[in-house]
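Here is what each chain is made of, one letter per residue.
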Amino acid sequence: MFNTNTLTRFQGLETPFYYYDMALLGQTLQACADASAKYNFHVHYAMKANFNTKVIDKIQSYGFGADCVSGGEVKAAIEHGFSKDKVVFAGVGKSDKEINEALDKDIFCFNVESVQELQIINDLAKAKGKTASVAIRINPNVDAHTHHFITTGLEENKFGVNTWELPAVAEALAKCTNLRFLGIHFHIGSQITDMGVYKNLCVRVNELQQWFEERNLPIKVLNLGGGLGVDYMNPDENPICDFEAYFKVFNDFLNVKPDQEVHFELGRALVAQSAALVSRVLYVKNGIKKNFLILDAGMTELIRPMLYQAYHQIENLSQESRIKNQEVLSPESGIWPLIKYDVVGPICESTDCFRKDVDLPESFRGDLIVVRTAGAYGEVMASGYNLRDRVQSVYSE
Ligand code: LLP
């Protein structure tokens, strides 16, 4: 991701910023497009992961659809050239305004999360003399084996319709004259790395398909959501997810009829490894019990470590390059001693810490520190807390 040229380029730039490796993004998108095309699977990019203009333009250019969770995302998807036939609107709390705007745009499908929402979409569509296509998001009660803050498919979660509510859904669909039933939708969580979880999901989806067919509700679209995880520990060894293995699980275990389409909503897997947060050391504080590296980036730029105890690889680009170029004296052993630092941000909150006890070469004021795998749920979750400047973006191309 980084070479001597990038480092030289970074020296002259104001920090913090997100650095996007557009070539890696392109390779990731190609790998996903190739692996999904093998089975004729359709991928909608989950816009929430990253809606940086250059990033979504590139994703759109590979022919993916868009999975949106707000009126703003629906608008942005269409403005950025995603075909309205490939725009899906999901979310547990769609407002009337958002539903009306999406109806006006004739999007492909609403992923509906409750019986009440079905009725509201029907009423709003009727008022416009339109028919809305809907898929029912079902909570399958399948454990995603991921961090509990990003698990969505268990009965305790607020998402989707529980299976015991399905008779009420069938009843509502029969009454709602302005709805077209397209199929069923699932999303059980994010950062899922155990493929066995997806096998369990397929088994459950097969059972649920049966339920709908027995009630004469034919399913045209099976939407399996997103969630494929990335390797936060080893971004250089595994820069691109194993999309082949991921889609193969669904090909092997999901019952798909010839007239059915299989859809996915991948976010993180498409964008996470393509960006890093680049910052500078403002101050080094050596305490008795702790050494702190105080960066010019914090939870206002990347909140994942603070919100989900998420692990991100942290590297000192400047010192690593000085060592490589032997600009600093090598200890006799040839092994560079590592120092444990708590790498923290400048925000007035004790939780503003990227990671404690990070092993880094001795670091100095002005060194460039990068936080890797920050392309998903990074820039999009940045905030203006403490009235800080909006984080900038820099692109490899
Ligand atoms: N579909 C639905 C309905 C979703 O709720 C999500 C993510 C996705 C697709 C895309 O999931 P992905 O492929 O990116 O895992 N901010 C958290 C992640 C929240 C995920 C929210 N939903 C994080 O930084 O880990």
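Analysis parameters
Residues numbered from 1 in each chain as written. Predicted model: local features only at pLDDT ≥ 70, side-chain atom pairs only at ≥ 80, totals over all residues. Heavy atoms only, no water. Core = buried A, V, L, I, M, F, W, Y, C linked by side-chain atoms within 4.5 Å. Buried < 20%, exposed > 50% of the residue type's maximum accessible area, 1.4 Å probe, protein only. Helix = DSSP H or I, 4+ residues; strand = E, 2+ residues; numbered from the N terminus. Domains from an automatic or database assignment. Near = heavy atom within 4 Å. Polar contact = N/O pair within 3.5 Å; in protein donor to acceptor, adjacent residues only side chain to side chain. Areas by Shrake-Rupley, 256 points an atom, 1.4 Å probe, with all protein chains shown as cover. Nonpolar A, V, L, I, M, F, W, Y, C, P; charged D, E, K, R; others polar.

A. Structural context of the nonpolar core. Phe-110, Phe-243 and Phe-247 are the most contacted members of the largest nonpolar core, which totals 108 residues. Among the elements that make up this core, the one with the highest residue count is helix H8 (residues 195-214) (eight residues). Two domains each donate at least three residues to this core, and these are domain 1 (23-272) and domain 2 (273-395). Of all hydrophobic cores here, the second largest spans nine residues; its members include Leu-7, Phe-10, Leu-368 and Val-370.

B. Highlighting the site of the ligand. Residues in close proximity to the ligand total 17 residues, the closest being Ser-190, Glu-265, Arg-304, Tyr-308 and Tyr-377. Between the ligand and Gly-227 there is a distance of 2.8 Å, counted from an oxygen atom to a backbone nitrogen or oxygen. For the ligand, whose free accessible area comes to 590 Å², the fraction covered by protein is 91%. Secondary-structure elements contributing two or more residues to the shell around the ligand are strand E10 (261-266) and helix H11 (304-308). When its residues are assigned to classes, the shell around the ligand shows six nonpolar, five polar and six charged. When we break the shell around the ligand down by domain, the ones giving at least three residues each are domain 1 (23-272) and domain 2 (273-395).

As far as function goes, none of this settles anything; it's purely spatial.
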